[in-house]
Amino acid sequence: MLAATGSSPQPSGIGSSVAPALEALLNQSTLRVDIVADEAHCGSWFLDEPRFDCGLFHLVGAGECRVESEALARALHLEAGDLVVLPHGHAHRLSAAGGAHPDATSLICGELHFSTRAHHPLSHALPACFVVRSREAGSTFRQLSTMMVEVSSSGLAGRQVLLNKLADTLFTLAVCDYASRNTERCGLFAALADTRICKVLHAVHEAPGKGWTMQSMAALACMSRSAFAERFTQLMRMPPMQYVTQWRVSLAEQLLRDRQLSVATIAERLGYGSEAAFRRLFKRVSGVSPGSVRAEARAA
């Protein structure tokens, strides 16, 4: 079981080499953040959340509550302003905090959707659960969470859209903080902590359509091909060229939802010499054809 990590979003604390690489990934990420419920409870209460296929998060607007899950080593006590994130949708229970004062507890609940069928590095690098504590967080986080609570209780036009955009920013802050503070890194975050591998990741995220080869990536990292391949695979849990392919397919799925871009244009933008080769690779990695993704986008 993985214990939750208490943290505070202060992106400025990220190392100078890590920040650009993570920012490039987040900027092109296919993540969608949706607020799905505003909950208000008082007295003795509990709320059981089953296992979800998407990530989940809860922001405590007021009061206190307790979080229990088999993904946690122990129950967590949350106070007003705290954010708990379960990136992989683990089942959990929210309940009244034992011994807490009788004030009502309000929660803003949301979902995290990585709208891609490919292996997304961020979703696989995040732990089962992590927490941002309001009392430890930076002022930006506290201002955003306060604004979310105010918008949630308002009758503003476009309230749902505003909440989703604020929640997206709040989640970004939480991810940046996790990357800079957590010492038990794995996957993407472990690679970002390695200066040479981080440099390669930044370049791949910024220019996915470049003609990347093992030799060009190793040269960028100032390493031999064999040493680079071994280190990259150890940290990212997949070979370098497989990562490039997975990243391209993740971006392609996002681009395919833009009907103004032809499949041939997308293939060229992502570094493939022919549309046919791109179509074959996309279906092999994602399990569906580019046409199916376009049909889903039209239906949506």
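Our structure's up above, just so we're on the same page.
Because the structure is a prediction, the values reported are computed rather than measured. (Residues numbered from 1 in each chain as written. Predicted model: local features only at pLDDT ≥ 70, side-chain atom pairs only at ≥ 80, totals over all residues. Heavy atoms only, no water.)

### As for the overall build of the chain
Next, step 1: For the chain, the count of helices and strands is 12 helices and 10 strands.
Next, step 2: Here the chain, with 300 residues, has 50% of them falling under the buried criterion.
Next, step 3: Across the chain, the fraction of contacts at a sequence separation of at least 24, relative to all contacts at a separation of at least 6, is 75%.
Next, step 4: For the chain, the computed accessible surface area is about 13800 Å², with 50% contributed by carbon and sulfur atoms. (Helix = DSSP H or I, 4+ residues; strand = E, 2+ residues; numbered from the N terminus. Buried < 20%, exposed > 50% of the residue type's maximum accessible area, 1.4 Å probe, protein only. Contact = heavy atoms within 4.5 Å. Areas by Shrake-Rupley, 256 points an atom, 1.4 Å probe, with all protein chains shown as cover.)

### A closer look at the nonpolar core
Next, step 1: With 75 residues, the main nonpolar core has Phe189 and Phe228 as its most contacted residues.
Next, step 2: Counting residues per element, this core draws most heavily on helix H4 (residues 159-181), which supplies 11 residues.
Next, step 3: With near-sequence residues (within four places) excluded, Phe228 lies in contact with Ile197, Val200, Met214, Met217, Ala218, Ala221, Met223 and Pro240.
Next, step 4: Val60, Leu76, Leu94 and Cys129 belong to the second largest nonpolar core, which has 15 residues in total. (Core = buried A, V, L, I, M, F, W, Y, C linked by side-chain atoms within 4.5 Å.)

### Looking at the sheet that holds strand S3 (residues 46-49)
Next, step 1: The sheet built from four strands is open, its strands ordered S3-S8-S5-S6 with antiparallel pairing. The open sheet has two edge strands, S3 and strand S6 (76-79), and neither has a second partner. Averaged over all pairs of adjacent strands, the angle between their axes in this sheet comes to 20 degrees, without regard to strand direction.
Next, step 2: Pairing between strand S5 (residues 64-68) and S6: four bridges, direction antiparallel. Of the residues in S6, the one forming a bridge with Arg66 is His77. (Pairing = 2+ DSSP bridges. Axes fitted to C-alpha atoms, helices over the stretch in contact; angles between N-to-C directions.)

### Points about the packing of helix H9 (residues 240-255) against helix H11 (residues 275-286)
Next, step 1: Relative orientation of the contacting elements H9 and H11 amounts to 100 degrees, with a least axis distance of 10 Å. When the axis of H9 is compared with that of H11, the two are roughly perpendicular. Judged by residue contacts, Thr245, Gln246, Val249, Ala252 and Glu253 of H9 engage Phe278, Leu281, Phe282, Val285 and Ser286 from H11.
Next, step 2: Its residues assigned to classes, the contact of H9 with H11 shows six nonpolar, three polar and one charged. (Parallel < 35°, antiparallel > 145°, perpendicular 65-115°, else oblique. Nonpolar A, V, L, I, M, F, W, Y, C, P; charged D, E, K, R; others polar.)

### Details of the side chain of His41
Next, step 1: Looking at the secondary structure, you find His41 in strand S2 (residues 31-41).
Next, step 2: Not counting residues up to four positions away in its chain, the partners in contact with His41 are Ala104, Thr105 and Leu107.

### Re H9
Next, step 1: If you check H9, its first and last C-alpha atoms are 23 Å apart, about what 16 residues at 1.5 Å a residue would give, namely 22 Å.
Next, step 2: Counting buried positions over the 16 residues of H9 gives 13, a clear majority of the element. (Expected span 1.5 Å × (residues − 1).)

### Re the packing of aromatic side chains
Next, step 1: In the structure shown here, the tally under the stated rule is four aromatic pairs.
Next, step 2: An angle of 50 degrees between the planes, with centres 5.7 Å apart, marks the rings of Phe228 and Phe232 as tilted. Of the two residues, Phe228 and Phe232 are both situated in helix H8 (residues 225-236); the distance of four residues between them amounts to about one turn of the helix.
Next, step 3: Ring geometry for Phe278 versus Phe282: centroids 5.9 Å apart, planes at 45 degrees, classification tilted. Of this pair, Phe278 and Phe282 both sit in helix H11, separated by four residues, roughly a single helical turn.
Next, step 4: In this structure, Arg93 packs its charged tip against the face of Phe46, placed 4.1 Å from the ring centre.
Next, step 5: Above the ring of Tyr272, the side-chain terminus of Arg248 is found at 5.3 Å from the ring centroid. (Phe/Tyr/Trp six-rings, centres within 6.5 Å; stacked < 30°, edge-to-face > 60°. Lys NZ or Arg CZ within 6 Å of the ring centre and 35° of its normal.)

### Thoughts on H11
An α-helical turn contains 3.6 residues, so a residue and the one three or four places further along point in the same direction.
Next, step 1: Taking 1.5 Å per residue, 12 residues should reach 16 Å; H11 reaches 16 Å between its end C-alpha atoms and fits that length.
Next, step 2: Three or more residues of H11 are buried, namely Phe278, Leu281, Phe282 and Ser286. Projection of H11 onto a plane perpendicular to its axis shows the buried side chains occupying an angular sector of 105 degrees, all on one side. In H11, the exposed residues that point more than 90 degrees away from the buried face are Arg280 and Arg284.
Next, step 3: Elements in contact with the buried residues of H11: H9, helix H10 (263-269) and helix H12 (290-299).
Next, step 4: In the stretch just after H11, Gly287 is the one whose phi turns positive, near 90 degrees. (Arc of directions from axis to C-beta.)

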